[in-house]
Amino acid sequence: MSSYFSQLCSSSDADLNLDAPHSMGTTIIGVTYNGGVVLGADSRTSTGLYVANRASDKITELTDNVYVCRSGSAADSQTVSDYVRHFLDQHIIQLEQPATVKVAANLVRLLSYNNKNMLETGLILGGWDKYEGGQIFSVPLGGTVLQQPFAIGGSGSSYLYGFFDQAWKEGMTKDEAEKLVVKAVSLAIARDGASGGVVRTVIINSEGVTRNFYPPDALPLWHEELEPVNSYLDVQASSSPEPMST
């Protein structure tokens, strides 16, 4: 029995692989609406089977009017974002005006395509500019750039394609678009083991940027999901019988 237990412990340690690169097995979403865009993401970052960060922020600012949702290798996506932010800062200084969303998307494309053999990251870029309004660009593995009315990415996206085909519509209001994003991310969290935590959204339009935060107890529950609890002690307290009175 002791040898079996030691083998079980050693195999568990190997599966956890705490030295593995940080990976954002993720759900990221970008949606256009009548007037701007809504970006959304979960917050779980994993290292092998170990959850390294349950409240990470996967929506990164590139400029005042352009943000990017990151998935895949956390290090790769952060590096690409940092380089693009630097190049955009130089671009804005030279032109003395805000960068367009298309320029930002092409910079992401160039970095991703020219380093496609070394990068493991998929990005969804969204923003608003005075020329073309709200725009969403998807840059998956390999560096292809696609402009789309909505884009989904990460490990949780495989559960959402049919849902988006049915639920997305043109001309949505800001509130409708954000509710769709929050609902979609919560659906992916319910089905995808690599997605979890809180839901963050970023709304970008002509008035600026609005960030919203949805904790687990504010998300809708789906089939066979359990109510969120603060700790394992809460689970024990709720399942244990009442003490006998004397």
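Placed above this text is the structure.
Residues numbered from 1 in each chain as written. Predicted model: local features only at pLDDT ≥ 70, side-chain atom pairs only at ≥ 80, totals over all residues. Heavy atoms only, no water.

Any empty space left between atoms is shown by rolling a water-sized probe over those atoms. Size it by volume and the largest pocket reaches roughly 730 Å³. Forming the boundary of the largest pocket are 22 residues, of which Arg44, Ile189, Gly197, Pro216 and Pro228 lie nearest the centre. Each residue belonging to the lining of the largest pocket can be placed in one class, and the counts come to twelve nonpolar, five polar and five charged. If you add up the space inside the second largest pocket, you get close to 150 Å³. Taken together, 14 residues line the second largest pocket, and the ones lying closest to its centre are Asn65, Pro98, Trp128, Asp129 and Lys130. Elements that contribute at least two residues to the lining of the second largest pocket include exactly strand 8 (121-129), strand 12 (199-205) and strand 13 (208-214). (1 Å grid on protein atoms, 1.4 Å probe; cavity = no way out; pocket = protein on both sides within 12 Å on 5 of 7 lines; lining within 4 Å. Points joined across faces, edges and corners; volume = space filled by probe spheres on them. Nonpolar A, V, L, I, M, F, W, Y, C, P; charged D, E, K, R; others polar. Helix = DSSP H or I, 4+ residues; strand = E, 2+ residues; numbered from the N terminus.)

A few words now on the packing of helix 2 (residues 74-95) against helix 3 (residues 101-114). Close contact between helix 2 and helix 3 brings their axes to 10 Å; oriented N to C, the two are set at 135°. Classed by the angle they form, the pair helix 2 and helix 3 counts as oblique. Helix 3 is crossed by helix 2, and the crossing has right-handed handedness. For the pair helix 2 and helix 3, the contacting residues are Val80, Tyr83, Val84, Phe87, Leu88 and His91 in the first and Val103, Ala104, Leu107, Val108 and Leu111 in the second. (Axes fitted to C-alpha atoms, helices over the stretch in contact; angles between N-to-C directions. Parallel < 35°, antiparallel > 145°, perpendicular 65-115°, else oblique. Left-handed = near helix turned anticlockwise from the far one by under 90°. Contact = heavy atoms within 4.5 Å.)

This model, assessed by the stated rule, comprises five salt bridges. Across the salt bridge formed by Asp42 and Lys58, the nearest N and O atoms sit 3.0 Å from each other. Taken together, the residues Asp42 in the loop between strand 3 (36-41) and strand 4 (45-47) and Lys58 in the loop between strand 5 (50-53) and strand 6 (59-63) connect sequence positions 16 residues apart. Among the residues examined, Lys58 registers a relative accessible area of 1% and is labelled buried. Between Arg85 and Asp82 there is a salt bridge, and its shortest N-O distance comes to 2.9 Å. Of this pair, Arg85 and Asp82 both sit in helix 2, separated by three residues, roughly a single helical turn. (Salt bridge = Lys/Arg side-chain N within 4 Å of Asp/Glu carboxyl O. Buried < 20%, exposed > 50% of the residue type's maximum accessible area, 1.4 Å probe, protein only.)

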